[in-house]
Amino acid sequence: MRNSFSNMLSYAAALQCVETWAKKSSRPSCVVPLTQAVGRITATAIFACSNRPETDVSAMDGYAFAHTAMASAPEGLSIQGLTVAGAQPVALPDGYAQKILTGASVPQGADCVMAMERMVQAPNSERIRPLQALAEKGANIRRAGEEFKQGDLLVSCGQRLDWRHIALLACQKIHAVTVVQPLHIALVANGAELSSAAADCRADSNTPMLVALFESYGAKVTSFLVASDDQNALTATLEEALHKADIVVTTGGISVGMTDNVMDAFLSLGAHALFRGVKMRPGKPVSLFEKEGKLAFCLPGNPGASALCAQVLVVPYLRSVMGQQPEVLLLPGRVEFAFTALPDTTHFVPVAATATAQGYVFTQLPTVGASDIIVLSRAAAFLQVNPAETIAQNQMCQVVSLQVI
Ligand SMILES: Nc1nc2c(c(=O)[nH]1)N[C@H]1C(S)=C(S)[C@@H](COP(=O)(O)OP(=O)(O)OC[C@H]3O[C@@H](n4cnc5c(N)ncnc54)[C@H](O)[C@@H]3O)O[C@H]1N2
Ligand code: MOO
């Protein structure tokens with residue numbers, strides 16, 4: 001039969017093939033301003049340029065003094081000077097207390113800070129003393145380097161940067177970051193039903209879905225639409241896509257129907273199949289072609305199958321070539337339903353996740369199958385059930401989270 005699935009791989013073997021190809025590729029890096037670094041992936045580890053705090057600083061608005069001096073002066077210490085945040089500390093003469101503000105450097109000679117509301121100044125007195133107990137030596141002083149020291153690792157190589165890392169780098173006055181250049185994906189949708197002129201026209205929802213998914217993993221996507229079943233038009237577009245991008249991802253036209261032209265188009269361009277079909281459900285038609293070191297992932301047209309194959313085959317590739325661990329986030333929890341896989345098929349079952357005090361509970365979502373779009377927005381994860389595996393009701397499992405990390 002045309003384009004038949006006579007030599008399908010297991011999902012595990014297909015993933016292994018993808019990871020082997022990912023390891024052959026490495027991404028160049030570029031430097032971006034910190035303000036544009038959110039969502040980018042670090043190409044180097046980043047180390048602290050200075051201690052944090054840089055010096056011993058006060059944690060309170062109050063008074064700084066030498067602990068022994070205050071302990072031996074029941075009537076309190078006279079006040080001399082004020083140190084504010086951003087200023088050089090004012091010298092503290094022996095036997096005096098100094099006004100100090102939160103974040104200000106502690107003057108030499110002071111080894112204790114007390115909050116102003118815990119101290120009292122007798123009327124008509126220059127002296128300040130604790131209202132009740134004297135704080136311990138060292139109290140309310142943030143010591144230089146207590147949070148981290150110069151040279152400590154701040155951000156690992158391969159880290160997706162978010163607001164937390166931005167704060168950390170900004171506090172070190174780091175204004176630019178070396179990040180991995182995005183993988184450029186040419187995304188090609190095809191099919192006569194996607195033409196607005198078609199008598200029975202269907203929306204191309206896979207393109208915006210896959211653009212959003214791949215961009216959320218830091219890729220750059222250029223999309224192409226071949227809104228026909230014309231193999232020559234498809235071949236010309238695939239040739240352009242292979243030429244312009246680092247990898248190609250197609251959606252639709254990869255099964256065995258008379259208008260499923262993607263495989264023949266790639267073969268006519270001199271590409272060869274690394275795998276043709278995978279024993280997985282949904283997503284069986286998913287195929288991988290290679291031409292002169294460039295990969296083309298061919299996803300099925302059914303939206304649910306397209307999304308799942310993108311998640312479990314393209315995303316691991318994307319993460320790996322962009323310097324991240326290929327694995328996606330696994331959530332542990334209790335599966336509320338029983339499921340037995342076919343002897344030779346890996347199943348991916350969409351599940352909802354409920355957080356409980358005992359951990360997550362995963363429930364099976366009703367789905368009409370691989371064409372289902374709404375189930376994707378209801379699902380938190382996919383339960384992967386390996387060939388011939390039985391998941392018992394209430395079994396503890398790890399599910400593949402749809403969350404981006
Ligand atoms: N005789 C057989 N028929 C089919 C088999 C098979 O093994 N033998 N496999 C089935 C499976 S499984 C799937 S999945 C589909 C995949 O087919 P294609 O990848 O060739 O996809 P199309 O036929 O082009 O489209 C299928 C379905 O998806 C819709 N579609 C396509 N592109 C988009 C898009 N960009 N956005 C939204 N929806 C899209 C299309 O309109 C169809 O409804 O094949 C089975 N058949
Ligand atoms: O696997 Mo298809 O992807 O079932 O509809």
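Since the structure is predicted, the reported quantities are computational estimates derived from the model, not experimental observations.

A.B. asks: Quick rundown of the site of ligand 2? Include the residues and the values.
C.D. replies: Near ligand 2, the surroundings consist of Arg281, Pro282, Gly283, Lys284, Pro300, Asn302, Ala305 and Ala370. Of the residues in the shell around ligand 2, the class split is four nonpolar, two polar and two charged.

A.B. asks: Any details on the environment of Cys309? Residues and values, ideally.
C.D. replies: Topologically, Cys309 is positioned in helix H7 (residues 303-321). Assessed through the 31 C-beta atoms surrounding it within 10 Å, Cys309 is described here as buried. With 252 residues separating them in the primary sequence, Cys309 and Val57 have C-alpha atoms 53 Å apart. Discounting residues that sit within four places of it in the chain, Cys309 has contacts with Gly283, Val286, Leu299 and Pro300.

A.B. asks: Talk me through the site of ligand 1; I want residue IDs and the actual numbers.
C.D. replies: Among the 26 residues in the neighbourhood of ligand 1, the closest are listed as Asn206, Gly252, Ser255, Pro300 and Gly301. For the shell around ligand 1, the elements supplying multiple residues, two or more each, are helix H4 (206-216) and H7. For the shell around ligand 1, a count of residues per class yields nine nonpolar, 12 polar and five charged.

A.B. asks: Tell me about the pairing of strand S20 (residues 294-299), residues and numbers included.
C.D. replies: Most of S20 sits out of view: five of its six residues are buried. Bridge count between strand S16 (residues 247-251) and S20: four bridges; the pairing is parallel. For Thr250, the partnering residue across the bridge sits in S20 and is Cys298. Strand direction decides the pairing type here: strand S19 (residues 287-291) and S20, joined by five bridges, are antiparallel. The residue bridging Leu288 from the neighbouring strand is Phe297, located in S20. Two successive antiparallel strands, S19 and S20, enclose a turn made up of two residues, where Glu292 displays a positive phi of approximately 50°.

A.B. asks: An account of the domain arrangement of the chain is needed here, citing residue identities and associated values.
C.D. replies: Domain boundaries assigned for the chain yield domain 1 (9-28 + 181-321), domain 2 (32-51 + 149-179), domain 3 (57-142) and domain 4 (330-401). The C-alpha centroid of domain 4 is placed 36 Å from the C-alpha centroid of domain 2.

Procedures and definitions
- Residues numbered from 1 in each chain as written.
- Chains lettered and ligands numbered in written order.
- Predicted model: local features only at pLDDT ≥ 70, side-chain atom pairs only at ≥ 80, totals over all residues.
- Near = placed C-beta within 6 Å.
- Nonpolar A, V, L, I, M, F, W, Y, C, P; charged D, E, K, R; others polar.
- Helix = DSSP H or I, 4+ residues; strand = E, 2+ residues; numbered from the N terminus.
- Buried ≥ 20, exposed ≤ 12 C-beta atoms within 10 Å, placed from the backbone.
- Contact = placed C-beta atoms within 7 Å.
- Pairing = 2+ DSSP bridges.
- Domains from an automatic or database assignment.

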